[in-house]
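Observations on the three-dimensional arrangement
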Amino acid sequence: MIKKSWRWMVIIFVLLFLYLPILVLAVYSFTDASNIGAIRGFSMHNYVTLFTTPELRDMILGTVILAVVSAVAATILGTLGAIGAFYSGKGMSSAITTMNQVPVVNADVVTGFSICILLVVVLGVSKDTFIPLLAGHVTLCAPFVFLSVIPKLKQMDTSIYEAALDLGAAPFTALTRVVIPQIFPGIVSGFAMAVTLSLDDYFVATYTKPATFDTISTYVVNATKGAQTNIKTALWALSTVIFLLVVLFTVVMNIRANREAVERKGV
């Protein structure tokens, strides 16, 4: 009984540590307070400011477009890399997997600085073209897609691909109609992770973004250094919206996964 109570106390403490700051921020986003302190009257002005200020709208839209485009590119590269590593020989597969670990464990600031040096300084690519920024985010996200797809490939029955080839299917047809459907949940998970990493990134964007462009992360950091009060408090609303979207996405994905598990058991 004591062990069970202690276990619940630890779980509650961890949940409060993780979510209480976000909940406090969410509460203040619905007030007219200009600083975290005494709660004043209820107000929606932070959300009105968030969705009516052109500067904030452009920043959010640009960040979302960057996240989706870089996630699509990272998903394609990461999936192809995982398939290539899985069907390669033992030595080559081990080498690819090891090289994939480097960007994962490497500090983001090193990745961003390296991309900037290579593309901007060595190759002379202008940062105003968004190519360094996009390349940096793809480099950041693709290894995590790789890690999401590899377990699905290992769970797959490899004989079905060989059976498709024996039945006359071309390698590309067998790949797109047999292998891809089997690993599709891993691809979706990798894409979702890539979008999240791109939205959350600060260091890579700082080194590679154009001077006139801001992502959510870089904008929030800069906003703490002298932005107008209404802009700062509108960022409370932005944090709340992002948190609610993440919670909604997680709940939907879990419900879908549970339904698929029940259907498999029923079959």
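Residues numbered from 1 in each chain as written. Predicted model: local features only at pLDDT ≥ 70, side-chain atom pairs only at ≥ 80, totals over all residues. Heavy atoms only, no water.

**Some words on the overall build of the protein chain**
This is how the line gets drawn: Per the convention used, a helix needs a DSSP run of H or I reaching at least four residues, while a strand needs a run of E reaching at least two, with both numbered from the N terminus. Burial classification: accessible surface area is computed with a 1.4 Å probe over protein chains only, and a residue below 20% of its type maximum counts as buried, one above 50% as exposed, and the rest as partly exposed. With residues, only the protein chains shown are counted as cover, and all accessible areas are computed by Shrake-Rupley using a 1.4 Å probe.
Along its length, the protein chain carries eleven helices and zero strands. Starting at the N terminus, the α and β elements of the protein chain follow one another as α-α-α-α-α-α-α-α-α-α-α. In terms of principal-axis extent, the alpha carbons of the protein chain reach across some 70 × 65 × 35 Å. For the protein chain, with 267 residues in total, the buried portion stands at 32%. Approximately 16200 Å² of the protein chain is accessible, and the part contributed by carbon and sulfur atoms is 70%.

**Quick notes on the packing of aromatic side chains**
Heads up, the condition is: Stacked, tilted and edge-to-face pairs are distinguished by plane angle, under 30 degrees for stacked and over 60 for edge-to-face with tilted covering the rest, among Phe, Tyr and Trp rings (Trp via its six-membered ring) whose centres lie within 6.5 Å.
Counting across every chain of the model gives ten aromatic pairs. Measuring from ring centre to ring centre gives 6.3 Å for Phe-30 and Phe-42, while their planes differ by 5°; the resulting arrangement is stacked. Note that Phe-30 is positioned in the loop between helix H1 (2-29) and helix H2 (45-52) and Phe-42 in the loop between H1 and H2, a separation of twelve residues in sequence. Classification of Phe-30 by relative accessible area gives partly exposed; the value is 29%.

**Details of the layout of surface pockets**
Formally: With a 1 Å grid laid over protein atoms only, a set of points is called a cavity when a 1.4 Å probe fits there but cannot get out and a pocket when it is open yet has protein on both sides within 12 Å along at least five of seven lines; lining residues have an atom within 4 Å of a point. Grid points are joined across faces, edges and corners, and a volume is the space filled by probe spheres set on the points. Each residue is assigned to one class: nonpolar for Ala, Val, Leu, Ile, Met, Phe, Trp, Tyr, Cys and Pro, charged for Asp, Glu, Lys and Arg, and polar for all the others, Gly among them.
Computed from the structure, the largest pocket encloses a volume of approximately 1100 Å³. Thr-196, Leu-199, Ile-242, Phe-243 and Val-246 are the residues nearest the centre of the largest pocket, which is lined by 32 residues in total. Taken together, the elements giving at least two residues each to the lining of the largest pocket come down to H1, H2, helix H3 (54-87), helix H8 (171-200), helix H10 (216-223) and helix H11 (229-266). The greatest single-element share of the lining of the largest pocket, amounting to eleven residues, is contributed by H11. Grouping the constituent residues of the lining of the largest pocket by class yields 24 nonpolar, six polar and two charged.

**Observations regarding the packing of helix H6 (residues 131-155) against H8**
Put simply, the rule is: As a rule, the C-alpha atoms of each element are fitted with a line to give its axis, helices using only the stretch in contact, and angles between N-to-C directions run from 0 to 180 degrees. The labels follow the angle: roughly parallel below 35 degrees, roughly antiparallel above 145, roughly perpendicular from 65 to 115, and oblique for the rest. Each crossing is labelled by how the near helix is turned from the far one, with a counterclockwise turn of less than a right angle marking it left-handed and a clockwise turn marking it right-handed. Here a residue-residue contact requires only that any non-hydrogen atoms of the pair lie within 4.5 Å.
Running from amino to carboxyl end, H6 crosses H8 at an angle of 150°, the nearest separation of the two axes being 8 Å. Classified by the angle their axes make, H6 and H8 are roughly antiparallel. Like other packed secondary-structure pairs, H6 and H8 cross with a definite hand, here right-handed. Together, His-137, Leu-140, Cys-141, Phe-144, Val-145, Ser-148, Val-149, Lys-152 and Leu-153 of H6 and Val-179, Ile-183, Pro-185, Gly-186, Ile-187, Ser-189, Gly-190, Met-193, Ala-194, Leu-197 and Ser-198 of H8 make up the contact between the two elements.

**Quick word on H6**
Condition: Multiplying 1.5 Å by the residue count of a helix minus one yields the expected span of that helix. Take the seven residues that end at a residue and the seven that start at it, fit an axis to each, and the angle between those axes is the bend at that residue.
The end-to-end C-alpha separation of H6 is 36 Å, in line with the 36 Å expected for 25 residues at 1.5 Å each. Along H6, the largest kink reaches about 25° and is centred on Cys-141; proline Pro-143 follows within four residues of it.

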